[in-house]
Amino acid sequence: MNRPKNKRSSSRKPIALLLLLLFTVHHLQAWGFLGHKTINKQAVFALPQPLFEFYKSHIDFLTEHAIDPDQRRYTDTAEACRHYIDLERYEKAMPIDTIPKFWKQAVEKYSADTLFAYGIVPYHVQTMLYRLTEAFKSKNLDRILHLSADIGHYVADAHVPLHTSINYDGQLTNQHGIHALWETRIPEISLPNYNLLVPFAHYLPQPTDSIWSYLQTSHSHLPTVLANEKSLTQSWGSNNKYELSTLSNGKTIKQVKAEFAIAYENSLNHMVEHRMKDAITAVSSFWYTAWMLAGQPDLKDLKGPQ
Ligand SMILES: [Zn+2]
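Residues numbered from 1 in each chain as written. Predicted model: local features only at pLDDT ≥ 70, side-chain atom pairs only at ≥ 80, totals over all residues. Heavy atoms only, no water.

> What am I meant to see in the pairing of strand S2 (residues 252-256) here?
Working note: regular strand, side chains alternate between the two faces of the sheet. Pairing analysis gives five bridges linking strand S1 (residues 242-246) to S2, with the strands arranged antiparallel. The residue of S2 that forms the bridge with Tyr-242 is Val-256. Taking the residues between adjacent antiparallel strands as the criterion, S1 and S2 are bridged by five residues, where Gly-250 takes a positive phi near 90°. (Pairing = 2+ DSSP bridges. Helix = DSSP H or I, 4+ residues; strand = E, 2+ residues; numbered from the N terminus.)

Written as structure tokens, this is what we have:
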């Protein structure tokens, strides 16, 4: 099973496409709903004044709508590729210095079809920053809030190592399920113990460099993410790794044991927590940068519904 790179060939087969989308949605909710909501919410508290005051008054909206981009995957086939980039398609080794940082040059080098097939998150974040800046300039409250929630989601996705890889769910190394384990199961268990106090937002003089640097850091963690899960699975044995759980709707599911998830997280030396904290400051910094680029508009007389 593959991600939307198959989308064109599958488009003649609606049922296959639907199954593909359901699979994709199920497996690629980066950070899970809880993680995305937490990142957008905490990003508000990393803002300086007067942005803090403004965003704080809309914190519930920004929190709830942090998951809009994942929800859109159900209805919009163009959505999925905005959440990741398969860097191995372009780079044989670190550092990431082969793929052009800007869309126009990247299209010239690889073609738009290739870029869409292997994910466009760094380019989409640039588009979103431009749109958010324009929304601030025109003082359009509705646009500012929706775009802030959206860019928060995509910047957070760029902080997930498995969102930078063609082996996004360990499917090439017989580690199926590692995606949800890293970004959903671990935060579900450990989030209450995380210290999410983060450095304040800062203006990003080269926001394009910033998003690529987040991806580079995420990708540099990938070997550890995969190797530690593999060796733990070997030492625990597959039978000890999973448990059956009954959901509130009565359904029984097989999931990774909490003990295994915690052991895995410990082996990663706080990686999940650190990536989440970095994501919070990054989201906050992208909001702040858009407002600065727009000329620091007064936020007291914005147009649109509250
Ligand atoms: Zn996503």
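> What should I look at first to understand the pattern of salt bridges in this one?
Where side chains of opposite charge bring their charged atoms close, a pairing between them can arise. Evaluated as defined, the whole model comprises 11 salt bridges. The residue Asp-209 makes a salt bridge to Lys-101 at a minimum N-O spacing of 3.0 Å. One end of the pair, Asp-209, is in helix H12 (residues 207-220); the other, Lys-101, is in the loop between helix H6 (68-72) and helix H7 (103-110), with 108 residues separating them in the sequence. Salt-bridge contacts for Asp-278 lead to Arg-275; the nearest nitrogen and oxygen are separated by 3.2 Å. Linking Asp-278 with Arg-275, this pair stays in helix H16 (residues 271-293), spanning three residues, or about one helical turn. (Salt bridge = Lys/Arg side-chain N within 4 Å of Asp/Glu carboxyl O.)

> Whenever I open this one, helix H13 (residues 222-236) confuses me. Can you help?
Two residues of an α-helix separated by three or four positions point the same way, owing to the 3.6 residues in each turn. Taking 1.5 Å as the rise per residue, H13 with 15 residues should run 21 Å; its terminal C-alpha atoms sit 21 Å apart, in good agreement. Its buried side turned inward, H13 meets helix H11 (178-190), H12, helix H14 (238-241), helix H15 (258-267) and H16. Gly-237 sits one or two positions beyond H13 and adopts a positive phi of about 85°. (Expected span 1.5 Å × (residues − 1). Contact = heavy atoms within 4.5 Å.)

> What is the right way to read unusual backbone geometry from this model?
Trans peptide bonds make up the majority, and among non-glycine residues the majority have a negative phi. Residue Pro-50 is reached from Gln-49 by a cis peptide bond, and omega for that bond is 0°. Along the chain, Pro-50 turns up in the loop between helix H3 (32-44) and helix H4 (51-56). Following Met-94, the chain continues to Pro-95 via a peptide bond in cis, the omega torsion being -5°. Position of Pro-95 relative to the elements: it lies in the loop between H6 and H7. If you check the backbone angles, Ser-111 has positive phi at about 85° while not being a glycine. Mapped onto the elements of the fold, Ser-111 is located in the loop between H7 and helix H8 (112-118). Of note, Gln-296 is a non-glycine position whose phi angle comes to about 50°, a positive value.

> Which parts of the structure should I look at to understand the packing of H12 against H16?
Helix-helix packing: each pair is described by the crossing angle between the helix axes and the interaxial distance. Remark: H12 packs on H16, axes separated minimally by 12 Å, with the N-to-C direction vectors making an angle of 170°. The orientation of H12 with respect to H16, classified from their angle, is roughly antiparallel. Seen from H12, the contacting residues are Pro-207, Ile-211, Tyr-214, Thr-217 and Ser-218; seen from H16, they are Arg-275, Ala-282 and Phe-286. Considering only residue class, the contact of H12 with H16 consists of five nonpolar, two polar and one charged. (Axes fitted to C-alpha atoms, helices over the stretch in contact; angles between N-to-C directions. Parallel < 35°, antiparallel > 145°, perpendicular 65-115°, else oblique. Nonpolar A, V, L, I, M, F, W, Y, C, P; charged D, E, K, R; others polar.)

> Any chance you could explain the side chain of Gln-255 here in plain terms?
Relative to the assigned elements, Gln-255 resides in strand S2. In this structure the side chain of Gln-255 is engaged in a polar contact, spanning 2.9 Å, whose partner is the side chain of Ser-245. The residues contacting Gln-255, other than those within four sequence positions of it, are Arg-185, Lys-241, Tyr-242, Glu-243 and Ser-245. (Polar contact = N/O pair within 3.5 Å; in protein donor to acceptor, adjacent residues only side chain to side chain.)

> Got a minute to help me understand the packing of helix H9 (residues 121-137) against H16 in this structure?
Relative orientation of the contacting elements H9 and H16 amounts to 50°, with a least axis distance of 8 Å. The angle between H9 and H16 places the two elements in the oblique class. Crossing handedness for the pair H9 and H16: right-handed. On H16, the residues that touch Val-125, Leu-129, Leu-132, Thr-133, Phe-136 and Lys-137 of H9 are Phe-286, Trp-287, Ala-290, Trp-291 and Leu-293. For the contact of H9 with H16, a count of residues per class yields nine nonpolar, one polar and one charged. (Left-handed = near helix turned anticlockwise from the far one by under 90°.)

> Whenever I open this one, the packing of aromatic side chains confuses me. Can you help?
Two aromatic rings, taken as a pair, are described by how far apart their centres are and by the angle between their planes. Under the counting rule described, the total for this entry stands at 11 aromatic pairs. Residue placement shows Arg-89 over the ring face of Tyr-118; its charged tip is 5.5 Å from the ring centre. Directly above the ring of Tyr-242 sits Lys-254, whose terminal nitrogen or CZ lies 4.5 Å from the centroid. (Phe/Tyr/Trp six-rings, centres within 6.5 Å; stacked < 30°, edge-to-face > 60°. Lys NZ or Arg CZ within 6 Å of the ring centre and 35° of its normal.)

> Explanation requested: the environment of Met-276 in the structure shown.
The residue Met-276 is located in helix H16 in this model. The spacing of Met-276 and His-36 is 240 residues in sequence and 9.2 Å in space, taken between C-alpha atoms. Non-local contacts of Met-276, meaning those with residues more than four positions away in its chain, are made with Trp-31, Gly-35, Thr-38, Ile-39, Pro-187, Leu-191, Tyr-194 and Leu-196.

> Is there a simple way to explain the environment of Asn-167 in this structure?
Inspection of the secondary structure assignment puts Asn-167 in the loop between helix H10 (141-157) and H11. In this structure, the C-alpha to C-alpha distance between Asn-167 and Leu-226, residues 59 residues apart in sequence, is 9.5 Å. Within the structure, the side chain of Asn-167 is placed 3.0 Å from the backbone nitrogen of Gln-171, a separation counted as a polar contact.

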